[in-house]
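# Descriptive analysis of the structure
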Amino acid sequence: MARPLAEVIPGLPISPAPGTRDSWATTVVGGVRADNRLIRRGDLFAGHTGGRVHGALFARAAVASGAVAVLTDEAGLTILADPAYALAEGTPVLVAPDVPAVLGRLAAEIYGRPAEQLRTFAVTGTNGKTTTCYFLEHALAALGRSTGLIGTVEVRTRTPELRAVPAQLTTPQPADLQALLAEMVAEGVTDLAMEVSSHALDLGRVDSVLYDVAGFTNLTQDHLDHHGSMEGYFAAKEALFTPQRSAQGVSMVDDQWGQRLAASRPAGYAMSSVGTDEANAADWQVIAAVPDGTGSRVTLRGAGQELCFTTALPGAFNVANASLAVVMLLAAGTDPAVLEEALAHAGGLSPVIPGRMELLATAPRVIVDFAHNPGGLAVVLSALRGSTEGRLHVVFGAAGSRDAGKRAEMAELAVRYCDEVTITDDDPHDEPAAAIRADLLGPARAAAAGSLVREIGDRRVAIRAAITGADPADTVLIAGRGHETVQEIAGVEHHLDDREEVRSALQASAGGAAGPGEGRSSR
Ligand SMILES: CC(=O)N[C@H]1[C@@H](OP(=O)(O)OP(=O)(O)OC[C@H]2O[C@@H](n3ccc(=O)[nH]c3=O)[C@H](O)[C@@H]2O)O[C@H](CO)[C@@H](O)[C@@H]1O[C@H](C)C(=O)N[C@@H](C)C(=O)N[C@H](CCC(=O)O)C(=O)O
Ligand SMILES: Nc1ncnc2c1ncn2[C@@H]1O[C@H](COP(=O)(O)OP(=O)(O)OP(=O)(O)O)[C@@H](O)[C@H]1O
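What counts and how
- Residues numbered from 1 in each chain as written.
- Chains lettered and ligands numbered in written order.
- Predicted model: local features only at pLDDT ≥ 70, side-chain atom pairs only at ≥ 80, totals over all residues.
- Heavy atoms only, no water.
- UniProt positions renumbered as here; feature names shortened; annotations may be inferred.
- Helix = DSSP H or I, 4+ residues; strand = E, 2+ residues; numbered from the N terminus.
- Pairing = 2+ DSSP bridges.
- Near = heavy atom within 4 Å.
- Polar contact = N/O pair within 3.5 Å; in protein donor to acceptor, adjacent residues only side chain to side chain.
- Areas by Shrake-Rupley, 256 points an atom, 1.4 Å probe, with all protein chains shown as cover.
- Nonpolar A, V, L, I, M, F, W, Y, C, P; charged D, E, K, R; others polar.
- Domains from an automatic or database assignment.
- Core = buried A, V, L, I, M, F, W, Y, C linked by side-chain atoms within 4.5 Å.
- Buried < 20%, exposed > 50% of the residue type's maximum accessible area, 1.4 Å probe, protein only.
- Contact = heavy atoms within 4.5 Å.
- Axes fitted to C-alpha atoms, helices over the stretch in contact; angles between N-to-C directions.
- Parallel < 35°, antiparallel > 145°, perpendicular 65-115°, else oblique.
- Left-handed = near helix turned anticlockwise from the far one by under 90°.
- Salt bridge = Lys/Arg side-chain N within 4 Å of Asp/Glu carboxyl O.

Before going further, it helps to spend a moment on the UniProt feature "domain: Mur ligase N-terminal catalytic" (unreviewed entry) in the chain. Sites flagged by UniProt as "domain: Mur ligase N-terminal catalytic" (unreviewed entry) map to residues 31–110. Along residues 31–110 one finds 32% helix and 19% strand; the C-alpha atoms at either end are 6 Å apart.

This part takes up the sheet that holds strand 6 (residues 69–72). Remark on secondary structure: sheet strands pair via backbone hydrogen bonds, oriented parallel or antiparallel. With mixed pairing, five strands are arranged side by side in an open sheet as 2-7-6-5-4. Since the sheet does not close on itself, it has two edges, and those belong to strand 2 (15–16) and strand 4 (31–33), each with one partner. Pairing of strand 6 with strand 7 (residues 93–95), which is carried by three bridges, proceeds in the parallel orientation. Paired with threonine 72 across the two strands is valine 95, which belongs to strand 7.

A word on the site of ligand 2. Taken together, 19 residues lie around ligand 2, and Lys129, Thr130, Thr131, Arg356 and Asp369 are the ones closest in. Contact between ligand 2 and lysine 129: an oxygen atom at 2.8 Å from a side-chain N or O atom of the residue. Within the side chain of threonine 152, a nitrogen or oxygen atom sits 3.0 Å from an oxygen atom of ligand 2. Calculation on ligand 2 without its partners gives an accessible area of 620 Å², and the protein chains cover 93% of this total. Secondary-structure elements contributing two or more residues to the shell around ligand 2 are helix 5 (129–142), helix 11 (316–331) and helix 13 (374–386). Broken down by class, the residue content of the shell around ligand 2 amounts to five nonpolar, 10 polar and four charged. A domain-level breakdown of the shell around ligand 2 finds at least three residues from each of domain 2 (113–346) and domain 3 (358–510).

Here we take up the nonpolar core. Phe309 and Val326 are the most contacted members of the largest nonpolar core, which has 36 residues in total. Residue assignment for this core shows that the elements contributing at least two residues are strand 8 (119–124), helix 5, strand 14 (246–252), strand 16 (284–292), strand 17 (295–302), strand 18 (305–311), helix 11 and helix 12 (336–345). Top element by residues in this core is helix 11. It accounts for 10 residues. Discounting chain neighbours no more than four positions away, the residues touching phenylalanine 309 are Ser296, Arg297, Val298, Leu300, Ala322, Ser323, Val326, Leu343 and Leu349.

As a packed pair, helix 9 (residues 230–238) and helix 10 (residues 256–263) sit with axes 12 Å apart at the nearest point and diverge in direction by 50°. Regarding the angle of helix 9 to helix 10, the classification is oblique. Between helix 9 and helix 10 lies a crossing whose hand is right-handed. Facing helix 9, whose interface residues are Met230, Glu231, Phe234 and Glu238, helix 10 presents Trp257, Arg260 and Leu261.

A word on the pattern of salt bridges. Tallying each qualifying case throughout the model produces 25 salt bridges. A salt bridge links arginine 33 to aspartate 176, with the shortest nitrogen-to-oxygen separation between them at 2.8 Å. With arginine 33 in strand 4 and aspartate 176 in helix 6 (residues 174–187), the pair connects residues that are 143 residues apart, well separated along the chain. Classification of arginine 33 as buried rests on a relative accessible area of 12%. Where glutamate 231 meets arginine 260, a salt bridge forms, and the shortest distance between an N and an O atom there is 2.8 Å. Placement of the pair is glutamate 231 in helix 9 and arginine 260 in helix 10, with a sequence separation of 29 residues. Via salt bridges that share partners, Glu109, Arg113 and Glu116 belong to a single interconnected network.

A few words on the environment of leucine 313. Within the secondary structure, leucine 313 is located in the loop between strand 18 and helix 11. Residues within four places of leucine 313 in sequence aside, it is in contact with Thr131, Phe135, Thr294, Gly295, Asn318, Leu349, Ser350, Pro351 and Ile353.

Now for the site of ligand 1. Taken together, 22 residues are adjacent to ligand 1, and Asn36, Arg52, Thr170, Ser197 and Arg205 come closest. Within the backbone of arginine 52, one N or O atom sits 2.7 Å away from an oxygen atom of ligand 1. Interatomic distance of 2.7 Å between a backbone N/O atom of threonine 170 and an oxygen atom of ligand 1. Against a free-state accessible area of 1,100 Å², the protein chains account for coverage of 73% of ligand 1. Considering only residue class, the shell around ligand 1 consists of five nonpolar, 11 polar and six charged. Each of domain 1 (3–110) and domain 2 (113–346) accounts for three or more of the residues forming the shell around ligand 1.

This is the structure:
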């Protein structure tokens, strides 16, 4: 889709920069990007103030890649006035006081408002967004819909066959999101399941999308470096459940935040609730979740009806995630009996989700999971404790330069549930790795009653040590990085995939090999 700028900017706080000739109005743009590396011929480049660098510094490179106009802010105009960054005479330059605030709406106009041509499901909450979106995608496919998925692990469409690319962010930047939605519409996607992070809500990444159904999973401590407090974090999530952002919402009311969300919606906003604990009133209630293979057989009751489905994903928390996805589909108008039959026909709600309770061996049982905050670690460790005959081992660390306040609670949870705790590195980013480990080790050692606690900084060595030290009846959980394949230490990226390390440790263990620093734990 190509649109003249004169058609897309009326109504938006955007004006031509002083000195830009009138010809800007007839300039036709095919797309918009805020990263020069993504520019296609005919795009508008939006170069704005960033946390690290100003995007206007890349305007020349964007024009060299085919950008036909530039949108920037006042600081960007100063940069473009510098001969080192000045654009060729005649390049249309537009200016807005706050570019990120307007980018979503501008991109939606340029790409032809693609979100309005899709049925859109948004999932927010601290944990379970990715999982719930895979459940939604799986169920929608079972219903014969052509579904796109946007989330932390990957962005994918199912038309005409599966196409996936790794995700950069949980929720893409506004221009990238609109470009992606336009691509999906062009491919024939009918439904979209996407994760909406609190950062995205706060930073305006989804401002131009009105979702058909929004879902809330839960809230536990995370990202307080950005939001300041749990109230601030909740307020960011809550904004999704307003008529400006979604037509209706579904809240999982197992925690107090979900209950508060369900009870506090503005008049006229359609909100429903789902819960797995009968102590909390909910429109749809899980009345039974019985073990079925590795997962559960779930019965939901609501609106005078019952709906049964199975999921192979383990843990009570996956009963909650799957039930939320199901109730979001019901909220969208799906008939419960039709959904029940479609799920039965598809063999249940059992998507394969990279790095989420991913089972890599059975004796000992070795699982890689993305649990990286207290809420996630608590539910995963409690599920594994209950199903482990032998000893429970956990290998984990904490990401650097992020909400350090959650570290002590994670360490205490590890020793509460596990027999052996190996503290290692996650993504230290720019923080000294040893200092992060110390933040975990102190509280872990202080709280350790009977557990063995040890420190092995090198994650490969830590994984190998835990696996070679485990007996067949034991469970080893490698927590925190899930599907991730890059470890960032002091600004340098290293390849590291927990699943590959587990496989090679299992091979070494089967062959009797021993690497450096391995062996039984010491106190
Ligand atoms: C706080 C935040 O969200 N920051 C994002 C933001 O960075 P920034 O504003 O500092 O941008 P910058 O690097 O200074 O660059 C400024 C501008 O120049 C452009 N640029 C920059 C370099 C270049 O070579 N060319 C170029 O055009 C950039 O695209 C940008 O428009 O824009 C960057 C480019 O898109 C993002 O990579 C970066 O995400 C950072 C890496 C990040 O970690 N974000 C996290 C906090 C985040 O958003 N997480 C949530 C999930 C949280 C969860 O639930 O787990 C998410 O939705 O992903
Ligand atoms: N409903 C839930 N409640 C608590 N923890 C959960 C729940 N669902 C999943 N988890 C845990 O959280 C981890 C992350 O799950 P998932 O990727 O689905 O969440 P997310 O919200 O997308 O996380 P992120 O935004 O950090 O990527 C899982 O690996 C699991 O350990």
